[in-house]
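# Understanding the architecture of this molecule
Single-letter residue listing:
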Amino acid sequence: MARPQRLLPNLTFLDLRPPMTDAAQEVAASLSAPSPTLDPKYFYDERGSALFDAITRTPEYYPTRTEAALLAEHADAMASELPGDLVIAEPGAGGCDKVRLLLDRWRPSGYMPLEISRQCLLDATRELAPRYPSVRFSAVCADYSQALSFPADDLGPARLVFFPGSTIGNFEPTARADFLAGLRRLAGDHGYLLIGADLQKDPARLNAAYNDARGHTAAFNRNALHHLNRRLNCGFDPDAFEHRAFYNESARRIEMHLECRRDQTISVADQRIQLPAGTRIHTENSYKFTVEGFSRELVDAGFAPLSSWVDEEGLFSIHLARAA
Ligand code: AVJ
């Protein structure tokens, strides 16, 4: 079992060396399926992360700023329902941006970001740890499946699992139930969960949030193709793909697709894949919730909901729950 390295007085780094998925095989299989798909993880190379940041600053994309305002407004109310001594564990922490507010307001005894992108995790924690000398930083380089089975230390401070941004909306219903059960394991029997869930609303508002006027979401969507060209030399012509994002009301989800405008042939894993004009590649689902419906999913995953907070406009919700 890998051992944590001490990088700074209050920062240790544990590299669980997440297995490199055979992306070429995975992409070849998903693109040659009757309904071609691409995993949304392919949006997020360095350029993709920068494009997502740009999306969060558009007037149309409300989730990130609405959630940040809710956290700022209710951080004390949340703390009043939590034990004084806490370790915040954050799977998929990325650049550790969203937790800063909680570190400022709560001064937990520990913070454990779990993140697959090694350099991103190292850069973020090396920058953060000196700012919070009283917080013990335990950075873990791991993929989701490794992260969710990271045992809770029942003798130590209670663990609060922090999963913001409504990234939970990317999971299909069954995978979501499994993932929430994984968050329950990560929290442990004495742990808690603080999670963000975007709410169902007027389709026009949702469609606007995924079709911003500046075109950042369209560029973010096409970036999956640029990323695969760089990483797997697929030979896509990304500019020959139309960005399509719409709210599928019956499925209660935003769907993102890339529509091929002219015949293309790409190659991956020594396979040549024909993409005739009109082909749609399904690149992301972002499910939308109700407070009641999401609370039921938390109960099914082994949590007892404590409180939830929704902004005045009813756009976004944050849920605090404890291990049942
Ligand atoms: C980061 C997955 C929460 O689904 O709203 C933003 C990603 N996709 N614009 C979302 C995204 C298009 C975002 N999540």
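All figures in this text were calculated on a predicted structure; none of them were measured in a lab.

Right, let's get into helix α10 (residues 291–300). Since there are 3.6 residues in each turn of an α-helix, residues three or four apart along the chain are aligned in direction. Looking at α10, one finds that the buried residues are Val291, Gly293, Phe294, Ser295 and Leu298. A positive backbone phi angle near 95 degrees is found at Gly302, which sits one or two residues after α10.

With that settled, consider the pairing of strand β8 (residues 241–248). As paired strands, β8 and strand β9 (residues 253–260) are joined by eight bridges and run antiparallel to one another. Its bridge partner lying in β9, Tyr247 is registered against Ile254. Hairpin connection between β8 and β9: a loop of four residues separates the two successive antiparallel strands, and Arg252 in this loop has a positive phi of roughly 55 degrees.

Moving on, we get to the site of the ligand. Lining the immediate surroundings of the ligand are 13 residues, of which Tyr61, Asn170, Tyr210, Glu284 and Ser286 lie closest. Tyr210 places a side-chain nitrogen or oxygen 2.7 Å from an oxygen atom of the ligand. In the environment of the ligand, an oxygen atom lies 2.8 Å from a nitrogen or oxygen atom belonging to the side chain of Ser286. Contact with the protein chains removes 96% of the 350 Å² of surface that the ligand exposes when unbound. Of all the secondary structure elements, the ones that give two or more residues to the shell around the ligand are α9 (216–232) and β12 (280–287). Across the shell around the ligand, the residue classes tally to six nonpolar, six polar and one charged.

All told, the structure shown has 18 salt bridges when counted by the stated rule. Put simply, Arg230 and Asp45 hold a salt bridge, and the shortest N to O gap is 2.4 Å. Note that Arg230 is positioned in helix α9 and Asp45 in the loop between α1 (23–31) and α2 (46–56), a separation of 185 residues in sequence. For Arg230, a relative accessible area of 53% puts it in the exposed group. Close ionic contact of Arg131 with Glu127 constitutes a salt bridge, the shortest N to O distance being 2.7 Å. Arg131 sits in the exposed class, given a relative accessible area of 52%. Given the relative accessible area of 33%, Glu127 is considered partly exposed.

Attention now goes to the packing of aromatic side chains. Enumeration over the complete set of coordinates arrives at 15 aromatic pairs. Ring geometry for Phe43 versus Phe220: centroids 4.5 Å apart, planes at 35 degrees, classification tilted. One end of the pair, Phe43, is in the loop between α1 and α2; the other, Phe220, is in helix α9, and 177 residues separate them in sequence. Centroid distance Tyr44 to Phe220: 5.5 Å. Interplanar angle 75 degrees. Geometry classified as edge-to-face. Taken together, the residues Tyr44 in the loop between α1 and α2 and Phe220 in helix α9 connect sequence positions 176 residues apart. Take Phe220: its relative accessible area is 3%, and that puts it in the buried class. Grouping aromatic residues by their ring pairs yields a cluster made of Phe43, Tyr44, Phe52, Tyr61, Tyr210 and Phe220. When the ring centre of Tyr287 is taken as origin, the NZ or CZ atom of Arg176, which lies over that ring, is 5.3 Å away.

Looking now at the sheet that holds strand β6 (residues 158–163). On the basis of which strands lie adjacent, the open sheet formed by nine strands has the order β1-β2-β5-β4-β3-β6-β7-β14-β13 and mixed pairing. In this open sheet, the two edge strands, each paired with only one partner strand, are β1 (5–8) and β13 (303–310). Sheet twist, expressed as the average angle between the axes of neighbouring strands with direction ignored, equals 20 degrees. By the bridge criterion, four bridges tie strand β3 (residues 86–91) to β6 in an arrangement that is parallel. Of the residues in β6, the one forming a bridge with Val87 is Arg159. This element, helix α3 (residues 63–80), spans β6, β7 (192–198), β13 and β14 (316–323) of the sheet and lies at about 45 degrees to β14. The strands that helix α7 (residues 173–187) touches are β3, β4 (110–115), β6, β7, β13 and β14; relative to β6, the one it contacts most, it runs at about 150 degrees.

Turning our eyes to something else, we now look at the sheet that holds β9. The three strands are arranged β8-β9-β12 in an open sheet whose pairing can be described as antiparallel. Strands at the two margins of the open sheet, each flanked by one partner only, are β8 and β12. Across the sheet, the mean angle separating the axes of adjacent strands is 20 degrees when strand polarity is ignored. Sheet topology places β9 next to β12; seven bridges connect them, and they run antiparallel. Within β12, the position partnered with Leu258 by the bridge is Ile281. The strands that α9 touches are β8, β9 and β12; relative to β8, the one it contacts most, it runs at about 115 degrees.

Parameters at a glance
Residues numbered from 1 in each chain as written. Predicted model: local features only at pLDDT ≥ 70, side-chain atom pairs only at ≥ 80, totals over all residues. Heavy atoms only, no water. Buried < 20%, exposed > 50% of the residue type's maximum accessible area, 1.4 Å probe, protein only. Helix = DSSP H or I, 4+ residues; strand = E, 2+ residues; numbered from the N terminus. Pairing = 2+ DSSP bridges. Near = heavy atom within 4 Å. Polar contact = N/O pair within 3.5 Å; in protein donor to acceptor, adjacent residues only side chain to side chain. Areas by Shrake-Rupley, 256 points an atom, 1.4 Å probe, with all protein chains shown as cover. Nonpolar A, V, L, I, M, F, W, Y, C, P; charged D, E, K, R; others polar. Salt bridge = Lys/Arg side-chain N within 4 Å of Asp/Glu carboxyl O. Phe/Tyr/Trp six-rings, centres within 6.5 Å; stacked < 30°, edge-to-face > 60°. Lys NZ or Arg CZ within 6 Å of the ring centre and 35° of its normal. Axes fitted to C-alpha atoms, helices over the stretch in contact; angles between N-to-C directions. Contact = heavy atoms within 4.5 Å.

Everything listed here is a matter of coordinates, which is why it stays silent on function.
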